[in-house]
Amino acid sequence: MSCASCVGRVEKALKSISGVISASVNLANESVQVNYDETLSAKDVASALKLAGYPAVSESITFAVTNLNCASCVGRAEKALRAGAGVLEANVNLATESATVRYAAGATTPSEIADLVTAAGYPATLEKEVLTDKVDRKADEVRLLKNRTLFAAALALPVFLIEMGSHFIPGVHMFVSNSIGLQNSYYLQFVLTTLVLLGPGRQFYTKGFPSLFKGAPDMNSLVALGTAAAYVFSLVSTFAPQLLPAGTTNVYYEAAAVIVLLILLGRFLEARAKGRTGEAIQKLIGMQAKTARVERDGATVMVPIEEIVVGDVIQVRPGEKLAVDGTVVSGTSFVDESMITGEPIPAEKALGDTVVGATINGTGTLSIKAGKVGSDTVLSQIIQMVEQAQGAKLPIQGLVDKITFRFVPAVIISALLTVGVWVLFGPDPVLSMALVAGVAVLIIACPCAMGLATPTSIMVGTGRAAELGVLFRKGDALQMLQETGTVALDKTGTLTAGRPELTDIITCEGLDENDVLHLVAAAEHSSEHPIASAIVKAAEKRGMTLPRPDKFNSLTGFGVSAVVQGHDVLVGADRLMQREGINLEQLSGKASALATRGKTPLYVAIDGKIAAVIAVSDPIKETSPHAIQTLQALGLNIVMITGDNQKTANAIANELGIDSVVAEVLPEGKVRALEDLRKSASGKLAFVGDGINDAPALAAADVGIAIGTGTDVAIEAADVVLMAGDLNGVVNAFHISQQTMRNIRQNLFWAFSYNTLLIPVAAGVLYPFGGPLLSPVLAAGAMALSSVFVLTNALRLRWVKAATV
């Protein structure tokens, strides 16, 4: 695929296949995502692509297969392999006990293919890869284009100097005429140009003319028509000038040769730039460990990570990367998890703690039991999310596709009209002038820049977002975020830490704070309530040793009662104290003050008398206030949705400067709350949450943003996943969205302006007014630079910095 019209034809070819629901082609990363039903096979897709002239890239892999005993085993193994998604061809050899599989690149992986035949009862292990991976293919493409460009330059430069040298160095034309003769110079240009067109330029003709004859011309067709016209006219002028009207003979070998050279140069620069657009994925892949020390059969052996299975125990020495996700079974250490969480401070890991593959062990030695391997690891899922987002098609691309699909035929018609107008109304030499204008229109109008404008920005933008801890599970969330006017935030775990903490102890006169806390914590020690855990944790932080209560009773909806070291202890809400006839007048004012500050007040009675009021709250994350201010500075309306009572919710909202509050919402009521907000919201509506009960709301919002420290259910329902557990990621998501969409609009403006303005100039509209007639060589240079400009502009997104909060 070389331009946007190619994208349209590929999509049209795929959508015509029975079983295809939708197809989305990405020019920048040269991939297609197909949604289909069970009636479709990979062969159907590959056949359609080949018939359309855009064959799918395939890879081959060879496995060693065991348990093959007879021909029927071969048949069953082949059937299992051919049923795999993306498998094009599978052949099993009984004699060599091997299987060779050809599959569509990107549709599946060698490990998934091996799992197919292993599940059928024939265990497979990777033997060798016949073709290189995508990164190597890209490097080979760049290398091939570089060699072709250099070869074309060596041949085209003499042609250009012979024909056009006098424009730069006076006397060159006279020197050529006097030394080898004018006619001989034509012969030399003919030989060199023919080598250029049949060598480095052959690809334009082998692809362009078949597309043209099928009625589906593309960029190659424009180049092939333009250069062929210049070349054929030059041939006639060289070998049969009598066929042309007097005074019209001229050669344009330099135009044909240099156009090919410049377009090859443009494609070489494009290929290099495209390689850089995928650097984020390459960096993520590079983070993976290659081998690991695994305990097997009483010994520790080094094995490739592909051979690690769930349940393996892996030894990780200081400074090494963790190979897979798992659980610590022995040892303690600090692990640098910044590549996942963004937190620069290493996390302490001990027995029972979970760890993530590709993070870096600190100074201790750990033994890890593998829990998730291969494509199930966190890093693999991140890579998969980024790849899916990079291959997405934004709504804005739909209009571009509609225009570009009909653009190339329109250009050919424009070129023919240009030639006709020049032949009818142009000055002598009329044929030469018409040819120059027609070829210039064909060359300058190639819609490469249009096709690259959106997907390259998406690739670089989503890749940079991943480096900043923001994963776009759905690429169209990039555009949706930029159109968002209201952001609804869940409170618990999103704005707050998600775990209550003891914040205040106010005792009656004559009582010691530590003595009261000691009794209260001992009473709560037997409770499993989160508030009880917060009180016990606060006591342990003060170094208290808590006795077991002699009696304990949990009073559902009220609090707890206990006997601790001979004292009757009551801890609970005001209704518990009122039920027990305890006078609260001494502390009721202080309890109300705590409640207005967003805290939950609880009373303590000891031996039948009020002793203290304590307060528990879910602390606000340190980053929340600044993040909310930054979001508001971006013009967003911030709403908090919480199950707290209105009084407590208002207190938290006032502290954070939140615009509005929806309080006392039950978990199942969050979707209804979003629907009510949508009626009054301007623009799209985003929701940020982290819990299981947030999943329906995440799915219902226009853009669901899941805090990465949340549950798997919430993450699966979201459009955007934040690897860190705070709102800084939300700010970065909006920042990346705005930067990427601005970049896309810049690219589209350039691409469309370039074609809109320069096609008339190439056609010669300025010539009657004393303006220039654009040379086809300059047209080719401008066209190549247009694509390079779009790619270079997209690559600027690699240096987008994290938003300052």
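All values derive from a computational prediction rather than experimental measurement.

(A) Main features of the overall build of the protein. A count of helical and extended segments in the protein gives 30 helices and 28 strands. Counting all 805 residues of the protein, 50% fall into the buried class. Taking the contacts inside the protein whose residues are at least 6 apart along the sequence as the reference set, 68% of them involve residues at least 24 apart. With the model as given, the accessible surface of the protein reaches about 36,300 Å², and the carbon-plus-sulfur share is 57%.

(B) The packing of aromatic side chains, seen in detail. All told, the structure shown has 9 aromatic pairs when counted by the stated rule. Aromatic side chains Tyr231 and Tyr253 sit 6.2 Å apart centroid to centroid with 70° between the ring planes, which places their arrangement in the edge-to-face category. Here Tyr231, found in helix 9 (residues 219-239), pairs with Tyr253, found in helix 10 (residues 253-277); they are 22 residues apart in sequence, far enough to count as distant. Across the pair, exposure class does not vary: Tyr231 and Tyr253 are buried alike.

(C) Broad picture of a nonpolar patch on the surface. On the surface, Val421, Leu424 and Phe425 cluster together to form a nonpolar patch covering roughly 380 Å² of accessible area. The class of Leu424 is exposed, set by a relative accessible area of 67%.

(D) Highlighting the UniProt feature "transmembrane region" (unreviewed entry) in the protein. Mapped onto this structure's residue numbering, the UniProt feature "transmembrane region" (unreviewed entry) falls at residues 150-172, 184-201, 222-244, 250-269, 403-425, 431-454, 748-767 and 773-791. What you have in residues 184-201 is 83% helix and 0% strand, and the ends, taken at the C-alpha atoms, are 24 Å apart. Annotated as residues 748-767, this span is 80% helix and 0% strand, and its ends, taken at the C-alpha atoms, are 28 Å apart.

(E) Spatial organisation of the nonpolar core. In terms of nonpolar packing, the biggest core is built from 126 residues, with Phe472, Ile705, Val720 and Phe734 touching the most fellow members. In terms of residue count, helix 10 provides more of this core than any other element does, 13 residues in total. With 28 residues, the next largest nonpolar core counts Leu502, Val536, Ala562 and Leu602 among its residues.

(F) View of the pattern of salt bridges. Tallied over the entire structure, the rule returns 11 salt bridges. Taking the shortest distance from any N to any O, the salt bridge between Glu467 and Arg464 comes out at 3.0 Å. A residue pair is termed a helical-turn pair when its members lie 3 or 4 positions apart in one helix, as Glu467 and Arg464 do in helix 17 (residues 448-467) at 3 residues. Given the relative accessible area of 18%, Arg464 is considered buried.

(G) Quick look at unusual backbone geometry. Here Ala358, not a glycine, exhibits a phi torsion of approximately 80°, which is positive. Note on placement: Ala358 falls in the loop between strand 13 (354-355) and strand 14 (360-361). Although it is not a glycine, Asp607 sits at a positive phi angle of roughly 55°. When you line up the elements, Asp607 lands in the loop between strand 22 (600-606) and strand 23 (609-617). For Asp607, a relative accessible area of 42% translates into the label partly exposed.

(H) Examining empty space enclosed by the protein more closely. Summed over all chains, the structure comprises 2 cavities of 30 Å³ or more. Its volume calculated, the second largest cavity comes out at about 40 Å³. Lining of the second largest cavity is provided by Ser2, Met219, Ile263, Gly266, Arg267, Glu270, Cys448, Met783 and Ala784. With 4 residues, helix 10 is the largest single contributor of residues to the lining of the second largest cavity. In terms of residue class, the lining of the second largest cavity is made up of 5 nonpolar, 2 polar and 2 charged.

(I) A look at the sheet that holds strand 21 (residues 567-572). Strand order in the open sheet made by the 6 strands is 18-23-22-21-20-19, with antiparallel pairing throughout. Looking at the sheet topology across the chains shown, the edges are occupied by strand 18 (501-507) and strand 19 (551-555). Direction aside, neighbouring strands of the sheet carry axes that sit 20° apart on average. Those strands touched by helix 21 (residues 530-541) are strand 18, strand 22 and strand 23, and its axis lies near 75° from that of strand 18.

(J) Spatial organisation of the environment of Val301. With respect to the helices, strands and loops of the structure, Val301 is situated in strand 8 (residues 299-304). Between the C-alpha atoms of Val301 and Ile314, which are 13 residues apart in sequence, the distance is 9.6 Å. Beyond its immediate chain neighbours, meaning those up to four positions away, Val301 contacts Ala292, Arg293 and Val294.

(K) Representation of the sheet that holds strand 7 (residues 291-296) within the structure. Reading across from one edge, 8-7-9-15-10-13 is the order of the 6 strands in this open sheet, with antiparallel pairing throughout. Each having just a single partner strand, strand 8 and strand 13 make up the two edges of the open sheet.

(L) Broad picture of the confidence of the model for the protein. Considering every residue of the protein, the mean pLDDT works out to 82; 89% of them sit at 70 or more. Confidence over residues 128-132 falls short of pLDDT 50; this stretch has 12 contacts with residues more than four positions distant or in other chains.

(M) Structural context of the packing of helix 16 (residues 430-444) against helix 29 (residues 728-763). The contact between helix 16 and helix 29 brings their axes to 8 Å, and the two run at 165°. Put simply, helix 16 runs roughly antiparallel to helix 29. The hand of the helix 16/helix 29 crossing is right-handed. Along the contact surface, helix 16 presents Ala437, Ala440, Val441 and Ile444, while helix 29 presents Tyr754, Asn755, Leu758, Ile759, Ala762 and Ala763. Residues of the contact of helix 16 with helix 29, tallied by class, amount to 9 nonpolar, 1 polar and no charged.

What counts and how
- Residues numbered from 1 in each chain as written.
- Predicted model: local features only at pLDDT ≥ 70, side-chain atom pairs only at ≥ 80, totals over all residues.
- Heavy atoms only, no water.
- Helix = DSSP H or I, 4+ residues; strand = E, 2+ residues; numbered from the N terminus.
- Buried < 20%, exposed > 50% of the residue type's maximum accessible area, 1.4 Å probe, protein only.
- Contact = heavy atoms within 4.5 Å.
- Areas by Shrake-Rupley, 256 points an atom, 1.4 Å probe, with all protein chains shown as cover.
- Phe/Tyr/Trp six-rings, centres within 6.5 Å; stacked < 30°, edge-to-face > 60°.
- Patch = residues over 30% accessible without salt bridge, like charges linked within 9 Å, V, L, I, M, F, W, Y side chains within 5 Å.
- Salt bridge = Lys/Arg side-chain N within 4 Å of Asp/Glu carboxyl O.
- UniProt positions renumbered as here; feature names shortened; annotations may be inferred.
- Core = buried A, V, L, I, M, F, W, Y, C linked by side-chain atoms within 4.5 Å.
- 1 Å grid on protein atoms, 1.4 Å probe; cavity = no way out; pocket = protein on both sides within 12 Å on 5 of 7 lines; lining within 4 Å.
- Points joined across faces, edges and corners; volume = space filled by probe spheres on them.
- Nonpolar A, V, L, I, M, F, W, Y, C, P; charged D, E, K, R; others polar.
- Pairing = 2+ DSSP bridges.
- Axes fitted to C-alpha atoms, helices over the stretch in contact; angles between N-to-C directions.
- pLDDT = per-residue confidence, 0-100.
- Parallel < 35°, antiparallel > 145°, perpendicular 65-115°, else oblique.
- Left-handed = near helix turned anticlockwise from the far one by under 90°.

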